[in-house]
Amino acid sequence: MRDWTDLDRELDAWGDAGQVATFWWRDDDAVVPTPPLFRLLETRAQARVPIALAVIPRDTGEPLAQRLNGDDQVAVLLHGFSHRNHAPDE
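In this numbering scheme, every chain counts its residues from 1 along its sequence in written order. Two thresholds apply to this predicted model, a pLDDT of at least 70 for residue-level local features and 80 or more for giving and counting side-chain atom pairs, whereas whole-chain, interface and lining totals are computed over all residues. No hydrogens and no water enter the side-chain calculation; it runs on all heavy atoms of the structure.

One side-chain nitrogen of Lys or Arg within 4 Å of one carboxyl oxygen of Asp or Glu is enough to make a salt bridge. Counted according to the given criterion, the structure contains 3 salt bridges. Between R9 and D6 there is a salt bridge whose closest N-O contact spans 3.2 Å. Taken together, the residues span about one helical turn, with R9 and D6 both in helix α1 (residues 5–16) at a distance of 3 residues. Each member of the pair, R9 as well as D6, is classed as exposed. With a shortest N-O distance of 2.8 Å, R58 and D59 are connected by a salt bridge. Residue D59 is classed as partly exposed on the basis of its relative accessible area, which comes to 34%. Each helix is a run of H or I in the DSSP string that is no shorter than four residues. Each strand is a run of E no shorter than two, and both are numbered from the N terminus. Burial classes: relative accessible area under 20% of the type maximum marks a residue as buried, over 50% as exposed, and values in between as partly exposed (1.4 Å probe, protein chains only).

And the structure:
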């Protein structure tokens, strides 16, 4: 189990100051359904919050598409075509 004490304390401080933290929750480098992705999607559903998946198109396919099909709270973001740096050498 993780210790969320520091996060809880920080969020309480924000609340005491009349502020609300905004989070951008995403999975980086998604290509196939994996146990960690399943946990993320289950947590997302339980929390009833949207997430974004940064997907690498070259390496993904039908299994990920099928897993995400119908979940309108998951946004798929293009994370480079092949996750390679195409910048010229200097």
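Looking along a regular strand, one sees side chains alternate from face to face of the sheet. Burial of strand β2 (residues 51–55) is extensive: 5 of the 5 residues sit out of reach of the surface. Side chains of β2 alternate between two faces, with I51, L53 and V55 and A52 and A54 buried alike. Crossovers are described as right-handed under a simple rule: with the strands pointing away from the observer, the path leading from the first strand over the helix to the second runs clockwise. For the crossover from strand β1 (residues 26–30) across helix α2 (residues 35–47) to β2, the handedness is right-handed. In short, DSSP must find at least two bridges between two strands for them to pair. Pairing between β2 and strand β3 (residues 74–78): 5 bridges, direction parallel. Residue pairing across strands places L53 opposite V76, the latter belonging to β3. Handedness of the crossover joining β2 and β3 through helix α3 (residues 62–68) is recorded here as right-handed.

Taken together, the side chains of D3, D8, D12 and D16 make up a negatively charged region of the molecular surface. Note that D16 resides in helix α1. Each patch is assembled from residues with relative accessible area greater than 30% and no salt bridge, linking like charges that lie within 9 Å and nonpolar side chains (Val, Leu, Ile, Met, Phe, Trp, Tyr) that lie within 5 Å. For accessible areas, the Shrake-Rupley method is used with a probe of radius 1.4 Å. Any residue's cover is judged against the shown protein chains and nothing else. Positive charges come from Lys and Arg, negative ones from Asp and Glu, while His and the chain ends are left out of the count. Positions of charges follow a simple convention, taking NZ of Lys, CZ of Arg, CG of Asp or CD of Glu.

Here, the term nonpolar core denotes a set of buried Ala, Val, Leu, Ile, Met, Phe, Trp, Tyr and Cys residues that are joined through side-chain atoms within 4.5 Å. Counting 10 residues, the largest nonpolar core is built from A30, L37, L40, L41, I51, L53, V55, L64, L68 and V74. For this core, the secondary structure elements donating two or more residues are α2, β2 and α3. What makes two residues a contact is simply this: any of their non-hydrogen atoms within 4.5 Å. Look past the residues within four positions of V74 in its chain and what remains in contact with it is L41, R44, I51, L53 and L68.

With that settled, consider α1. Think of an α-helix as 3.6 residues a turn; residues three or four steps apart then line up on the same face. Here a helix's expected span is defined as the number of its residues, less one, multiplied by 1.5 Å. Between the first and last C-alpha of α1 there are 16 Å, a value that for 12 residues agrees with the 16 Å anticipated at 1.5 Å per step. Once α1 ends, the next one or two residues include G18, with phi positive near 75°.

Moving on: the sheet that holds β2. Taken in spatial order, the 3 strands of this open sheet run β1-β2-β3, and their pairing is parallel. If you trace the sheet from one side to the other, it starts and ends with β1 and β3, each paired once. Strand-to-strand twist across the sheet, computed as the mean angle between neighbouring axes with direction ignored, equals 25°. Docked against the sheet, α2 engages β1, β2 and β3, running at close to 155° with respect to β2. A fitted line through C-alpha atoms represents every axis, and for helices the fit uses only the stretch in contact; the resulting angles, taken between N-to-C directions, go from 0 to 180 degrees.

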